[in-house]
Structure formats: structure tokens, C-alpha cells
Amino acid sequence: MRFEWRVISGPALTAITGFAAFLIDRHIAAVPNPAPLFVCIVALASSISGITSGLISAAIAVAASALFFLDHRALPGYDTADVARMLMLAATAAGTAVITGMLRQKWIDAFAADKQHHATSERLAAALDQVDIGIVLLDADTRAEFINRAFRDYFALSDAQADSKPPFVALMYHGRDTGAYELPEDEMSAFVTKRIEMMRAGDSTPINLNLADGQVLRFSCTALPDGGRMLSYTPVTDLVRHTDDPARADEYRAQRAGRERHLARLLRAAE
């Protein structure tokens, strides 16, 4: 059987304290009323092991006080003041046990709920890492609280960059600097500025983003109740590319090849 020291620690400490106070008062020196110390021990017992342990400690405290006040005066027995002190101790110790035990249980429940919420968030993050839709969650200050694996792969975003909680502006400029978008250089600044404005406004209008590697992502922004944003990048290459003008196929391929060369130069420079 497992030994639960927390359950008996409060009652044991109360009994030891009461017995020690009685012996010292009788054989060594006068000891003041130990009631305040008993209340502290009851609170400790309830905080460690709950209401039951606290109430047992309170009962022992009252019994120890009765022993302490026995024959404490010139006449044997108890007087009215002694009885009043023991009644006050009983009420105070019991109340302390109940209140402290309830606060302990409330804290345990809150901790369990927080742990469950954290576990759910981890499972959700793991699930979002398995989908091919890029997901970015922004807080109210437009900093990325979560970036899933698909987005990191689409835009060549390293784990260190993603985990640093970059702002959305930084993500847009990262895509520009790595040549991720299939856009001429002179249109890039206006494109980035427009995307940032739409995100801040919470504009949910879907937009197709042509990437330099030939993929097409459908971008959508959803405003969240806390002021944050959820950004999704859904791959729609098969639905969109077949509508490209065949007469401009060579132009598309040239643009993609140029972006790929630009990205290769950036990677070599980083090395």
C-alpha cells in the first residue's frame, strides 16, 4: 500500500505540537495559548491534502487545547474563559480547514483544466501540421502565434524564423526577398502593401497567389473575436493553372525560372 504522507502530516504535526506544548507548560516553563499555531497548522494540512486532513487536524487541535487547559488554573477543571477559547478555536480551525481546502480544490481544478487545454492545443497544432493548407494564426498585434508546416514549406520559412513569432509584415517581406511570388519586381511593393492592408482590415475576400515554383495558393483572412487573424493558404494549382493562357506559357515558364535562379542565388549567399 502506498504511504500518503500528505494525508497524515497535518494531523501528526498538530498532535506533536499540542503534546509538546503540554509537556513544556507542565515541566519547563509557562507556554502561551497555542491556538494561533494550531490554526496555521490546520491551514497547512488543508492546503497539502484537502479538507478532510484539515478537519482531522482541527479536531486534534481542540482536543490538545482541552488537555492544555486542564488543571491550568488553581482549581481543577475548566472555567468559562477556557471553554470560550476552545469553542472559538473549534470554529476558527474548522472554518480555516474548509476555506483552505476549497481554495486548494479550486486551484487543482484550474490547473487540470489548463493542462487539458494545453494538451488540446498541442493535438490541434499537430493536426494542422499534417494538412497541405498553410495556416498562420496572428494575435491582436499581428504577430504570428502559430505557423504550420505547410506554410513553412511553401515560403521556405525556417523553423527558427517561424518560432520567433514574426509579425505578418515580416512574413510578407520574407516572401518578397526569397522570390516566392510570381510577380515582376516593379509590382512587388504594391502587392505586399495591399496584402498588409487587407489583413489589417480583416478583409475575407479570397485571393489567388501565384508562386514562383508554379503553385497557386488561395489566400483567405478570417478576423477572430480577440482581434487576431487566421490566414489560410489553400493549394488550388490544379483548379487555376488550366485557365492560364496557352499563348503565354513561355512567359510563365521564364518568370518561374527567373524566380528559381533568384532563390538559388539567395541560398548560396546565405551559405
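Definitions and limits used
Residues numbered from 1 in each chain as written. Predicted model: local features only at pLDDT ≥ 70, side-chain atom pairs only at ≥ 80, totals over all residues. Heavy atoms only, no water. Buried < 20%, exposed > 50% of the residue type's maximum accessible area, 1.4 Å probe, protein only. Helix = DSSP H or I, 4+ residues; strand = E, 2+ residues; numbered from the N terminus. Arc of directions from axis to C-beta. Contact = heavy atoms within 4.5 Å. Expected span 1.5 Å × (residues − 1). Axes fitted to C-alpha atoms, helices over the stretch in contact; angles between N-to-C directions. Parallel < 35°, antiparallel > 145°, perpendicular 65-115°, else oblique. Left-handed = near helix turned anticlockwise from the far one by under 90°. Nonpolar A, V, L, I, M, F, W, Y, C, P; charged D, E, K, R; others polar. Pairing = 2+ DSSP bridges.

Engineer: Honestly, helix H7 (residues 168–177) in this entry has me stumped. Any pointers?
Structural biologist: An α-helical turn contains 3.6 residues, so any two residues separated by three or four positions project in the same direction. For H7, the complete set of buried residues consists of Phe-168, Leu-171, Met-172, His-174 and Gly-175. Looking straight down H7, one finds that the buried residues subtend no more than 155 degrees of arc, so they occupy a single side. Structurally, H7 contributes buried residues whose contacts are with strand S1 (134–138), strand S2 (144–147), helix H5 (149–154), helix H6 (159–163), helix H8 (185–201) and strand S5 (229–235). Of the residues flanking the end of H7, it is Gly-179, one or two places downstream, whose phi is positive at about 70 degrees.

Engineer: Sorry, what's going on with helix H2 (residues 35–49) here?
Structural biologist: With 15 residues, H2 extends 21 Å between its outermost C-alpha atoms, agreeing within 8% with the 21 Å of an ideal straight helix rising 1.5 Å per residue. Buried within H2 we find Ala-35, Phe-38, Val-39, Ile-41, Val-42, Ala-45 and Ser-46. Viewed end-on, H2 has its buried residues packed into an arc of 165 degrees, placing them on one side of the element. Exposed side chains of H2 directed beyond 90 degrees from the buried face belong to Pro-36 and Cys-40. A positive phi of about 105 degrees marks Gly-50, the residue just after H2.

Engineer: Would you explain the packing of H7 against H8 in this entry?
Structural biologist: The relative placement of two packed helices comes down to the angle between their axes together with the axis-to-axis distance. With their axes 10 Å apart at the nearest point, H7 and H8 run at an angle of 155 degrees to one another. When the axes of H7 and H8 are compared, the pair comes out roughly antiparallel. Here H7 runs over H8; the crossing is right-handed. Across the interface between the two elements, Phe-168, Val-169, Met-172, Tyr-173 and Arg-176 of H7 pack against Met-188, Phe-191, Val-192, Arg-195, Ile-196, Met-199 and Arg-200 of H8. Class assignment for the residues of the contact of H7 with H8 results in 9 nonpolar, no polar and 3 charged.

Engineer: Would you take a moment to explain the pairing of S5 for this structure?
Structural biologist: Looking down a regular strand, the side chains alternate between one sheet face and the other. Bridging between S1 and S5 involves 5 bridges; their strand directions are antiparallel. Bridge assignment links Gly-134 to a residue of S5, and that residue is Tyr-233. Sheet topology note: the strand S4 (residues 216–223)/S5 ladder contains 7 bridges and is antiparallel. Bridge pairing links Cys-221 to Leu-231 in S5. Here S4 folds back onto S5, and the loop between the two strands holds 5 residues, one of which, Gly-227, carries a positive phi near 95 degrees.

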